[in-house]
Amino acid sequence: MNPASMKRVFNFSAGPAVLPEEVLAQAAAEMLDWHGSGMSVMEMSHRGKEFISIYEAAVRDFRELLNVPANYRILFLQGGGIGENAIVPLNLVGRKAQPATVDFIQTGSWSSKSLKEARKYANVNVAASSEAEKFAGIPARDTWKLSKDAAYVHICTNETIDGVEFQFAPDVAADTNGAPLVADMSSHILSRAVDVSKYGVIFGGAQKNIGPAGLTIVIVREDLIGHALPICPSAFEWKLVDDNNSMYNTPPTYAIYIAGLVFQWLKRQGGVAAMEERNIAKAKLLYDTLDSTGFYSNRIAKECRSRMNVPFFLRDESLNDTFLAGAKERGLVQLKGHKSVGGMRASIYNAMPIEGVQALVDYLKDFEKAHG
Ligand SMILES: *Cc1c(COP(=O)(O)O)cnc(C)c1O
């Protein structure tokens, strides 16, 4: 399939990010003529039977992979994670008298961005924050000061920029008269098993761990649908979207198709449980290497380190450019850290094979030998 001249790199980008090569090859083979239709998926009507079959298979496979219970709906939207920062309050605060209060657990850049946006639609209570510790950990559940009558409680279960991941699904209902838990899972959805029933809403942009940018997946418990504020844009009103099987407006058809191919690939890999085992092994390999020397460091508390996004620093930051240039020569790319954190960051999503992490680990050791 690959012409001999083509060289694929190990891409550690935080997103848009690496996709399984098998999926890209299949998409290439089907590009001009999908299953004898004489068309590319890009050229299909979203209302035609070909695309409807692609959409239905994608929803079915996603539900199966994540074990989504029957009383939850799966919506395919546009707008990304940042769009959801507005779309979530627009759909949920209407369940309470206005202005409603919403609770946020602030654990990094993304939850910070989300709570800032929510202030346009609600009173925001920052119930717990690790900002004073530069987001190096997650505040213990028993320190959260949740509101008695919050419209919802927002968490970001994997902070892509800071490299912090929830290793537990918090119970919030008891302290809040049953407020639903809303989770931004953009950067680790499908990387680990999730008990969906603990959440009211789970959302994520596809471009980290699922597929191309442009598709946003929302999983929402049925009773939370139908309370949108009158000002909510129709394209983002969950009830309208759900009543129309995510086709109230034209959905991101090609992104849905690729996501569907990724879902099939995940099933062939053994599903989410098998991916989780591999992701644990990949993360262990990388963190163990970083921890084994003072030449590198990761400053996140061990019990909440992300398996997906691994920020790290060189002890001597004047070597950063040399490190990145040497990595690129070995086909290890997109390792530069986010500008707000600095240093390096390796994103090791589902589609990053262990061989890629091993190549990075080998490079880390060789670089230390040469410069340590
Ligand atoms: C990338 C990301 C977002 C933003 O996604 P957009 O598609 O750019 O809107 C939101 N939350 C998390 C956790 C992310 O990783």
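Our subject is the structure that appears above.
What comes next concerns the included structure. Being a predicted model, the structure only gives us computed values, none of them experimental.

### A look at empty space enclosed by the protein
Part 1: Considering all chains together, one arrives at three cavities of 30 Å³ or more under this definition.
Part 2: The volume enclosed by the largest cavity comes to roughly 60 Å³.
Part 3: What lines the largest cavity is simply Val-18, Leu-19, Pro-20, Lys-208, Asn-209, Ile-210, Val-262, Trp-265, Leu-266, Tyr-349, Asn-350 and Ala-351.
Part 4: Residues belonging to the lining of the largest cavity are distributed by class as follows: nine nonpolar, two polar and one charged.
Part 5: Both of domain 1 (10-19 + 271-371) and domain 2 (28-267) provide at least three residues apiece to the lining of the largest cavity.

### So, the site of the ligand
Part 1: Looking at the ligand, the residues that line it are Gly-80, Gly-81, Ile-82, Trp-110, Cys-156, Asn-158, Thr-160, Asp-184, Ser-186, Ser-187, Gln-207 and Lys-208.
Part 2: A distance of 2.8 Å is found between an oxygen atom of the ligand and a side-chain nitrogen or oxygen belonging to Gln-207.
Part 3: Relative to its free-state accessible area of 390 Å², the ligand is covered by the protein chains to the extent of 86%.
Part 4: No other element matches helix H3 (residues 80-92), which puts three residues into the shell around the ligand.

### Structural notes on the sheet that holds strand E2 (residues 72-77)
Part 1: Spatial strand order, E2-E10-E9-E8-E5-E3-E4: seven strands in an open sheet with mixed pairing. Only two strands of the sheet have a single neighbouring strand rather than two, namely E2 and strand E4 (123-129). This sheet shows a mean twist of 20° between the axes of neighbouring strands, independent of strand direction.
Part 2: Of the strand pairs in this sheet, strand E3 (residues 101-106) and E4 are connected by six bridges, and their pairing is parallel.

What counts and how
Residues numbered from 1 in each chain as written. Predicted model: local features only at pLDDT ≥ 70, side-chain atom pairs only at ≥ 80, totals over all residues. Heavy atoms only, no water. 1 Å grid on protein atoms, 1.4 Å probe; cavity = no way out; pocket = protein on both sides within 12 Å on 5 of 7 lines; lining within 4 Å. Points joined across faces, edges and corners; volume = space filled by probe spheres on them. Nonpolar A, V, L, I, M, F, W, Y, C, P; charged D, E, K, R; others polar. Domains from an automatic or database assignment. Near = heavy atom within 4 Å. Polar contact = N/O pair within 3.5 Å; in protein donor to acceptor, adjacent residues only side chain to side chain. Areas by Shrake-Rupley, 256 points an atom, 1.4 Å probe, with all protein chains shown as cover. Helix = DSSP H or I, 4+ residues; strand = E, 2+ residues; numbered from the N terminus. Pairing = 2+ DSSP bridges. Axes fitted to C-alpha atoms, helices over the stretch in contact; angles between N-to-C directions.

The quantities given are spatial measurements derived from coordinates; they are silent on function.
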